[in-house]
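Understanding the architecture of this molecule
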Amino acid sequence: MVDATRTITTPIYYVNGRPHLGHAYTTTICDVWARFQRAAGQDVFFLTGTDEHGQKVEESAREQGMTPKALADLNAAEFQRIMGLFGLSNDAFIRTTDPAHERQVQTFVQRLIDSGDVYLGTFEGWYDPGQEEYYTQTKARECDFKSPISGRPLEKATEENFYFRLSAYQERLEALYDQQPGFVRPEARRNEMLGRLREGLQDVPISRTNFTWGIPVPGHEAHVIYVWIDALFNYITALDLADSDATQAKYWPATYHIVGKEILWFHAVIWPALLMALKIDLPSCVYAHSFWISEGQKMSKSLGNFVDLERLQSCIDTYGRDALRWYLATNGPLGATDADFTMDQFHDVYTTDLVNTFGNCASRVSAMINKYFDGALPEDCPGSLGSIDLQRVCLEQTASVTTAMEAFDLGAACSSAMQIVRKVDAFINETEPFKKAKDPDQLASLQGILYRCAESIRIASALLEPVMPETMQRLTQAWQLPEGGPLEKACRWGGLKAGQSIEKVALFPRAER
Ligand code: MSP
């Protein structure tokens, strides 16, 4: 069967905090992937949004003398505005207060009640109000009855709740992990989840009665659906999957749910079990990235190393939005270890990759075409020129970028695309066009060299456009590159035509540290 659609999701973000580097990161890497897949001709659905119910929102609204809905409206709008700064191309923005979401969550919960997967029972355990997360006695003891996130004491909780029969899915989940080893990535995170899974699953409470800001359990209005269950359903309510005539149904199952490591359990265990209970297909992969720390330490307001919006905005002001996207995509914590956001490293990466490599190469090649051929692209010549076959390099690197993107290995994809540019530099150093320009007998070679360099840069720019859309658009305009079209065609050798005008470009200005 042809894999016709591609769906990628970010977590939906809480509206009671301000967006920061972490949110910008997850959303940006999803954006890069979504843009690449679209360029590759896929039918893509890229979803992000906000998580707006729960006790915390209710409390902060009360403190501010507002209704929870008014606070959620305000913050969701602010969140959307801010995320716009990063140049995102999401196809939908879901809010858990959308009436269509609320209605569908009730439909799904009703189906779970009807099938016996959700039942009324009594909960005795511990609650972390900061995280809105429940712990069993054993887990609470392990973390010394303190929140592993905030360090604040857990609260004892005894109440009648609706429960999801998670324990019934133990074997099916183990079989899933077994049969679909790529379901949770990277491998180290999969092993972590598998370890916890094998400790044995207990049923989880999915409703609360001590506040009202949430979706009521159908037929039991005193019970509000636990915010995490409400939130997880966003991935399918955004596609109207509860409705039999859902026009967006073709976008399910998701190709990738991208999440931070701290919320993996919900996505890697509870979510697939809920889907199994509802007899809905499972996503192909839940990818959990690690965390950004900053200047060597955990981000904290008091340490002054918090990468908040103001800091991100100042990076954009100095280096440009594409530079930030490049840094996040190439140096982020996609593996099992945390990554350190440092201004020194940011500056060095910008200077090495963008100023000295891509920017310099494009400027060098366009300057020579202007100097020797008045800005009109010369034609290629027959035969080989030196030891580097740029056409072959482009072919190989295009294949590597595609494979790496498919596997969500953004770092490898970026470095393969940049490898083309490095090879162009090596080719120029080896073939020395500036010397050939002095010898009229070498005209054909000079023409061929410059054609091949420009053509390789064009192909690299098509591959890099998902990461740095603004800059690559500028190049497209300056060199009048053929726009759009499926990536596979765009990366085919021979797109540039002899005689077309190649303007001199300066894409990445040198920046002060
Ligand atoms: N609302 C829940 C998610 C529900 S999804 C069904 C939530 N929201 S959140 O606002 O706290 O966002 C958490 C996400 O922000 C993380 O999973 C991660 O994507 C991102 N990050 C927050 N801090 C981060 C870092 N320091 N580093 C990288 N990303 C992190 O949890």
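This text follows the structure it describes.
In short, a report on the structure. Everything numeric here is computed off the predicted structure, so don't read it as measured data.

To continue, consider the overall build of the protein. Of regular secondary structure, the protein possesses 19 helices and 15 strands. In terms of overall dimensions, the protein has a C-alpha envelope of 90 × 55 × 40 Å along the principal axes. When each of the 513 residues of the protein is scored for burial, the buried share is 54%. Contacts in the protein between residues at least 24 apart in sequence constitute 79% of all its contacts with a sequence separation of at least 6. The positive charge centre, built from 49 side chains, and the negative charge centre, built from 67, are 4 Å apart in the protein.

Okay, the sheet that holds strand 12 (residues 256-260) next. Taken in spatial order, the six strands line up as 3-2-1-12-13-7 in an open sheet, and their pairing is parallel. Two strands bound the open sheet, and with one partner strand each, they are strand 3 (92-95) and strand 7 (184-185).

Turning our eyes to something else, we now look at the environment of Leu232. Among the secondary structure elements, Leu232 is positioned in helix 8 (residues 227-232). Using a relative accessible area of 1% as the deciding quantity, one classes Leu232 as buried. Distance in space between the C-alpha atoms of Leu232 and Leu274 is 9.4 Å, their sequence separation being 42 residues. Residue contacts for Leu232: discarding those within four places in its chain leaves Phe266, His267, Ile270, Trp271 and Leu274.

Another point: the side chain of Gln37. Checked against the element boundaries, Gln37 lands in helix 1 (residues 21-39). In contact with Gln37, not counting residues within four places along its chain, are Arg6, Gln42, Val44, Met405 and Glu406.

Looking at the ligand, there are 23 residues lining it, with Ile12, Thr26, Asp51, Gly260 and Trp292 nearest. Trp292 places a polar main-chain atom, nitrogen or oxygen, 2.9 Å from a nitrogen atom of the ligand. Contact with the protein chains covers 92% of the free accessible surface of the ligand, which is 670 Å². Those elements that provide at least two residues to the shell around the ligand are strand 1 (5-14), helix 1, helix 8 and helix 9 (234-237). At four residues, strand 1 tops the list of elements feeding residues into the shell around the ligand. Taken together, the residues of the shell around the ligand break down into 12 nonpolar, nine polar and two charged.

Time to look at the pattern of salt bridges. Under the counting rule described, the total for this entry stands at 26 salt bridges. Among the salt bridges present, the one from Arg38 reaches Asp91, with a minimum N-O distance of 3.2 Å. Of this pair, Arg38 sits in helix 1 while Asp91 sits in the loop between helix 3 (68-83) and strand 3, and the two are 53 residues apart along the sequence. Residues Arg492 and Glu488 are paired through a salt bridge, measuring 3.4 Å at the closest nitrogen-oxygen approach. On the accessibility criterion, Glu488 (60% relative accessible area) is exposed. Members of the salt-bridge network, linked through shared partners, are Arg18, Glu78, Arg81 and Glu310.

The rules behind these values
- Residues numbered from 1 in each chain as written.
- Predicted model: local features only at pLDDT ≥ 70, side-chain atom pairs only at ≥ 80, totals over all residues.
- Heavy atoms only, no water.
- Helix = DSSP H or I, 4+ residues; strand = E, 2+ residues; numbered from the N terminus.
- Buried < 20%, exposed > 50% of the residue type's maximum accessible area, 1.4 Å probe, protein only.
- Contact = heavy atoms within 4.5 Å.
- Lys, Arg positive; Asp, Glu negative; His and termini not counted.
- Charge placed at Lys NZ, Arg CZ, Asp CG, Glu CD.
- Pairing = 2+ DSSP bridges.
- Near = heavy atom within 4 Å.
- Polar contact = N/O pair within 3.5 Å; in protein donor to acceptor, adjacent residues only side chain to side chain.
- Areas by Shrake-Rupley, 256 points an atom, 1.4 Å probe, with all protein chains shown as cover.
- Nonpolar A, V, L, I, M, F, W, Y, C, P; charged D, E, K, R; others polar.
- Salt bridge = Lys/Arg side-chain N within 4 Å of Asp/Glu carboxyl O.

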